[in-house]
Every structure is written in C-alpha cells, then in structure tokens.
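# Residue-level structural notes
What follows is each chain in one-letter form.
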Amino acid sequence: MTIKIKPLKWREIDPERCYVGTGLGFTCEVRLLHKGGWEAVLPTGKIETVTCSGAMIACREAYFALVREHLEDE
C-alpha cells in the first residue's frame, strides 16, 4: 500500500528573512540569524545551518520522521 503524505506548505513571513512551514498539525520556522546563518526552529528544538534551503530540508526531514512515527504506531 502506498500512502501519499502532504508536503509542508511554506509561507514567507518576513521577505527573505523568515518562513513558516505547516502541514498535518506540524509547524516549523526557518529564519535568518544575525550572524548570517539560518536556523530551523522545530517542535523538537533548533538546528543551525549555513543556507536557507538547508534549514528547510531539516524541517522537511523532521516532518516526515514525525509522520512515519505516527504511521508505525497504528
């Protein structure tokens, strides 16, 4: 059986500085740090990365891990 999981939906909160991702009750934030790097703020904590896309990938991986965890529980 194949299960299709809805991807995170991204909204730009502050142009080119802050984004919020949501999906299936999961919320995360990607924001530019003052020192030039990026930070992914997840329900499980924060992850610093060099690029915005790296922070978004970290959010996506955490989101899919959470979804997989709930699927395995059922």
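The present account deals with the structure reproduced in this document. (Residues numbered from 1 in each chain as written. Predicted model: local features only at pLDDT ≥ 70, side-chain atom pairs only at ≥ 80, totals over all residues. Heavy atoms only, no water.)

Another point: the sheet that holds strand β1 (residues 9-14). The sheet built from 5 strands is open, its strands ordered β1-β2-β3-β4-β5 with antiparallel pairing. Strands with a single pairing partner mark the edges of an open sheet, and in this sheet they are β1 and β5 (45-49). In this sheet, adjacent strand axes meet at a mean angle of 20° when their direction is disregarded. Here 6 bridges tie strand β2 (residues 18-23) to strand β3 (residues 26-32), and the two strands are oriented antiparallel to one another. Note that in β3 the partner of G23 across the bridge is F26. (Pairing = 2+ DSSP bridges. Helix = DSSP H or I, 4+ residues; strand = E, 2+ residues; numbered from the N terminus. Axes fitted to C-alpha atoms, helices over the stretch in contact; angles between N-to-C directions.)

Further remarks concern unusual backbone geometry. Despite not being glycine, E16 has its phi angle at roughly 60°, a positive value. What makes E16 exposed here is its relative accessible area of 63%. Unlike most non-glycine residues, L24 shows phi in positive territory, near 50°. Mapping L24 onto the fold places it in the loop between β2 and β3. (Buried < 20%, exposed > 50% of the residue type's maximum accessible area, 1.4 Å probe, protein only.)

Bringing the pairing of strand β4 (residues 38-42) into the picture now. Counting buried residues in β4 gives 5 out of 5 residues, a clear majority hidden from the surface. Burial along β4 is two-sided: W38, A40 and L42 facing one way and E39 and V41 facing the other are all buried. In this structure, β3 lies alongside β4, joined through 4 bridges in antiparallel fashion. Its bridge partner lying in β4, E29 is registered against V41.

Ranked by size, the top nonpolar core spans 14 residues in total, and within it L8, F26, C28, V30, W38 and C59 carry the most contacts. Breaking this core down by element, the ones donating at least two residues are β3, β4 and α1 (52-73). Of the residues forming this core, the biggest block, 6 residues, is contributed by α1. Apart from the residues within four sequence positions on either side, F26 is in contact with L8, G21, L42, P43, C59, A62, Y63 and L66. (Core = buried A, V, L, I, M, F, W, Y, C linked by side-chain atoms within 4.5 Å. Contact = heavy atoms within 4.5 Å.)

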